[in-house]
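Topology and contacts: notes
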Amino acid sequence: MDSAAADRPPLLEVEHVSFRYGPLPVLTDVSLAIREGDFLAIIGPNGSGKTTLLKIILGLLKPESGRILFQGRDIASGGVRPKIGYIPQKATHFDPLFPASVREVVSMAFQASKRGLSRRQGEEAAIRRALEVVGMAEAMDRRIGRLSGGQQQRVFIARAIVDKPRALFLDEPTTGVDAGTQDLFYELLDRLNKREGLTIALITHDIGIVDRHITQVACLNQRLVYHGSHAEFCRSDTLKEMLAGGHHLVSHVH
Ligand SMILES: Nc1ncnc2c1ncn2[C@@H]1O[C@H](COP(=O)(O)OP(=O)(O)OP(=O)(O)O)[C@@H](O)[C@H]1O
Ligand SMILES: [Mg+2]
């Protein structure tokens, strides 16, 4: 790891995490730290545990053993809710007739909270700002289902960042999106990372598309096969193995 990265405090620490849904292990003894300001790409073959690891970090699944620290505090110890925006794999796109505006979709991030008048005004300002950040403020009153897939994705980002999370997790966000839209999307993430200081973890199958933007790479295959800076990764045996094996990052364990 480069010295600048080592100076930044860890936002999230995954410590010796193991997990299984049934008899077969899905994650075995995975440890890694995500530091403030990282733009981490998580790669690995289908079924290698990437989505599961994200859900464990978010507190949606409990690890069989090991623990997750958010800003140094165990998320299992009550009262610690990791402030992370999340865009799940296959985030549903809206039907053209879905009766909600862009503004309403972004405001869903606040539905769980108590909503006094002054709070609502604060939320309105936050919604506008989040939509400005993703370049969708002008579409605020449009019906969500009438937007293109790429535009809807930007609205999902706005919804994920509107409550000012410390990190944004995205699980294969550009599946089925054309190359030009993908580039614009990753430039947006780059801006969020570099200008707004948002820590980003992105699961992807195509590291070639994001490699201009990322700072760290984690390669998962039930165990953590590799974790380090992007620069080190480019010189690593893991990358050589990936290239030798075509698109299969590392052979699957099951
Ligand atoms: N809810 C579940 N119940 C049982 N098994 C599951 C469940 N979710 C995932 N699995 C299994 O756990 C393993 C890891 O799944 P996971 O979704 O974490 O992989 P992934 O790396 O995200 O794969 P992909 O690249 O295809 O999205 C797979 O073998 C999968 O079949
Ligand atoms: Mg997945």
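Residues numbered from 1 in each chain as written. Chains lettered and ligands numbered in written order. Predicted model: local features only at pLDDT ≥ 70, side-chain atom pairs only at ≥ 80, totals over all residues. Heavy atoms only, no water.

Describing the overall build of the protein chain
Counting secondary structure elements, the protein chain contains 9 helices and 10 strands. When each of the 254 residues of the protein chain is scored for burial, the buried share is 48%. Partitioning the intrachain contacts of the protein chain with sequence separation of at least 6 by distance along the chain shows that 69% fall at a separation of at least 24. With the model as given, the accessible surface of the protein chain reaches about 12700 Å², and the carbon-plus-sulfur share is 51%. (Helix = DSSP H or I, 4+ residues; strand = E, 2+ residues; numbered from the N terminus. Buried < 20%, exposed > 50% of the residue type's maximum accessible area, 1.4 Å probe, protein only. Contact = heavy atoms within 4.5 Å. Areas by Shrake-Rupley, 256 points an atom, 1.4 Å probe, with all protein chains shown as cover.)

Remarks on helix 2 (residues 50–57)
Burial runs high along helix 2: 6 of the 8 residues are buried. Every buried residue of helix 2 is listed here: K50, T52, L53, L54, I56 and I57. At the exit of helix 2 stands G59, carrying a positive phi of roughly 85°.

Here we look at the pattern of salt bridges
Within this structure, the stated rule accounts for 9 salt bridges. Its salt-bridge partner being R103, residue D141 comes within 2.8 Å of it at the nearest N-O pair. Within this pair, whereas D141 is found in the loop between helix 4 (117–133) and helix 5 (149–161), its partner R103 is found in helix 3 (residues 102–107), the two being separated by 38 residues in sequence. Given a relative accessible area of 59%, D141 falls into the exposed group. For R103, a relative accessible area of 24% translates into the label partly exposed. Of the charged contacts, one joins E132 and R128 as a salt bridge, the two residues approaching to 3.9 Å between their closest N and O atoms. With E132 and R128 both in helix 4 and 4 residues apart, this pair spans about one turn of that helix. Salt bridges linked by common partners bring R103, E124 and D141 together as one network. (Salt bridge = Lys/Arg side-chain N within 4 Å of Asp/Glu carboxyl O.)

Quick word on the sheet that holds strand 9 (residues 216–221)
Read from one edge to the other, the open sheet built from 6 strands follows the order 6-7-8-3-9-10, with strand pairing classed as mixed. This sheet does not close on itself; its edge strands, each paired only once, are strand 6 (84–87) and strand 10 (223–229). This sheet shows a mean twist of 15° between the axes of neighbouring strands, independent of strand direction. Pairing between strand 6 and strand 7 (residues 167–171): 4 bridges, direction parallel. Note on strand 7: the bridge partner recorded for I87 is L170. Helix-sheet contacts for helix 2 involve strand 3 (39–43), strand 6, strand 7, strand 8 (199–203) and strand 9, and the interaxial angle to strand 7 is about 150°. This element, helix 6 (residues 179–194), spans strand 3, strand 7 and strand 8 of the sheet and lies at about 150° to strand 8. (Pairing = 2+ DSSP bridges. Axes fitted to C-alpha atoms, helices over the stretch in contact; angles between N-to-C directions.)

A look at helix 5
The terminal C-alpha atoms of helix 5 lie 19 Å apart, and with 13 residues this matches the ideal 18 Å at 1.5 Å per residue to within 8%. The buried fraction of helix 5 amounts to 10 of the 13 residues, a majority that puts the element mostly inside the structure. Residues of helix 5 that are buried: G150, Q152, Q153, R154, V155, F156, I157, A158, A160 and I161. (Expected span 1.5 Å × (residues − 1).)

Topic: the coordination of the magnesium ion (ligand 2)
Taken together, T51 (OG1) and Q89 (OE1) make up the full set of protein donors to the magnesium ion (ligand 2), lying 2.0 to 2.4 Å away. Of the two residues, T51 is situated in helix 2 and Q89 in the loop between strand 6 and helix 3; the sequence distance between them amounts to 38 residues. (Donors = N, O, S within 2.8 Å, 3.2 Å for Na, K, Ca; no water.)

Looking at the sheet that holds strand 4 (residues 65–70)
Taking strand neighbours across the sheet as the criterion, the 4 strands line up as 2-1-4-5 in an open arrangement whose pairing is antiparallel. Strand pairing shows two members of the sheet lacking a second neighbour, strand 2 (25–35) and strand 5 (73–74), which therefore form its edges. Pairing analysis gives 2 bridges linking strand 4 to strand 5, with the strands arranged antiparallel. Residue pairing in the sheet places F70 in a bridge with R73 of strand 5.

Describing the site of ligand 1
Close to ligand 1 lie 13 residues, the nearest being N46, G47, K50, T51 and T52. The side chain of Q89 places a nitrogen or oxygen atom 2.9 Å from an oxygen atom of ligand 1. Between ligand 1 and the protein, one listed contact pairs an oxygen atom with a side-chain N or O atom of H205 at 3.0 Å. Across the complex, the protein chains shield 59% of the 630 Å² of accessible surface that ligand 1 would expose by itself. Sorting elements by how many residues they give to the shell around ligand 1 places helix 2 first, with 3 residues. (Near = heavy atom within 4 Å. Polar contact = N/O pair within 3.5 Å; in protein donor to acceptor, adjacent residues only side chain to side chain.)

Interpretation note: all reported values are geometric properties and have no functional meaning in isolation.
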